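Residue-level listing of the chains:
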Amino acid sequence: EPGWKWSQHVGPVVGTPRCVVEHVGMVVSGVATVEFEDGRIIELTPGNLFYVPPVPHDSWVVGDEPYVSLHFLGAQEYARK
């Protein structure tokens, strides 16, 4: 949803400030940003196929439209302690 950020809404639940799960997926709608610890940033937009490696990263929804993506890899480990 708009305003969602991994480090604020998921991180405290799993006890870490950044996600370390590998993600492979496709963006259906909305826009999200992924930021890695080294400062690299990728923007995920509708129609994009994406790969996020299993290194510490944060992500957040950009704008007022809900972000929807299909995850082909990583969903089984997402948001687990």
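The model shown is predicted, which means the values in this text are computed figures rather than measured ones.

Draft legend 1. Inspection of the side chain of Ser59 at higher detail. With respect to the secondary-structure elements, Ser59 resides in strand E5 (residues 57–62). Discounting chain neighbours no more than four positions away, the residues touching Ser59 are Trp4, Lys5, Trp6, Thr33 and Val34.

Draft legend 2. Spotlight on the sheet that holds strand E1 (residues 23–29). In space, the three strands of this open sheet follow the order E4-E1-E6, with antiparallel pairing throughout. A strand with exactly one partner marks an edge of an open sheet, and here the two such strands are strand E4 (49–52) and strand E6 (68–73). Strand-to-strand twist across the sheet, computed as the mean angle between neighbouring axes with direction ignored, equals 30 degrees. With five bridges connecting them, E1 and E6 associate as antiparallel partners.

Draft legend 3. Local environment of the side chain of His57. Tracing the backbone shows His57 in strand E5. Among the polar contacts made by the side chain of His57, one reaches the main-chain carbonyl oxygen of Val55 at a distance of 2.7 Å. When sequence neighbours within four positions are dropped, the list of residues in contact with His57 reads Arg18, Cys19, Val20, Val21, His23, Val34, Glu35, Phe36 and Val52.

Draft legend 4. Quick peek at the packing of aromatic side chains. A full pass over the atoms with the stated rule returns zero aromatic pairs. The ring of Phe36 has Arg40 lying over it, and the distance from NZ or CZ to the ring centre is 4.2 Å.

Draft legend 5. Geometry of a nonpolar patch on the surface. Taken together, the side chains of Val28, Leu49, Val68, Leu70, Phe72 and Leu73 define a hydrophobic patch exposed on the protein surface, amounting to about 540 Å² of accessible area. No other element matches the four residues that E6 contributes to the nonpolar patch. By secondary structure assignment, the location of Leu49 is in strand E4. Overall, the relative accessible area of 64% leaves Leu49 in the exposed class.

Draft legend 6. How the structure looks around the pattern of salt bridges. What the rule picks out here adds up to two salt bridges. A salt bridge links Lys5 to Asp58; its shortest N-O distance comes to 3.9 Å. Residue Lys5 is found in the segment before helix H1 (6–9), and its partner Asp58 is found in strand E5; the two are separated by 53 residues along the sequence. Accessibility expressed as a relative area gives 5% for Asp58, which makes it buried.

Reading the values: the criteria
Residues numbered from 1 in each chain as written. Predicted model: local features only at pLDDT ≥ 70, side-chain atom pairs only at ≥ 80, totals over all residues. Heavy atoms only, no water. Helix = DSSP H or I, 4+ residues; strand = E, 2+ residues; numbered from the N terminus. Contact = heavy atoms within 4.5 Å. Pairing = 2+ DSSP bridges. Axes fitted to C-alpha atoms, helices over the stretch in contact; angles between N-to-C directions. Polar contact = N/O pair within 3.5 Å; in protein donor to acceptor, adjacent residues only side chain to side chain. Phe/Tyr/Trp six-rings, centres within 6.5 Å; stacked < 30°, edge-to-face > 60°. Lys NZ or Arg CZ within 6 Å of the ring centre and 35° of its normal. Patch = residues over 30% accessible without salt bridge, like charges linked within 9 Å, V, L, I, M, F, W, Y side chains within 5 Å. Areas by Shrake-Rupley, 256 points an atom, 1.4 Å probe, with all protein chains shown as cover. Salt bridge = Lys/Arg side-chain N within 4 Å of Asp/Glu carboxyl O. Buried < 20%, exposed > 50% of the residue type's maximum accessible area, 1.4 Å probe, protein only.

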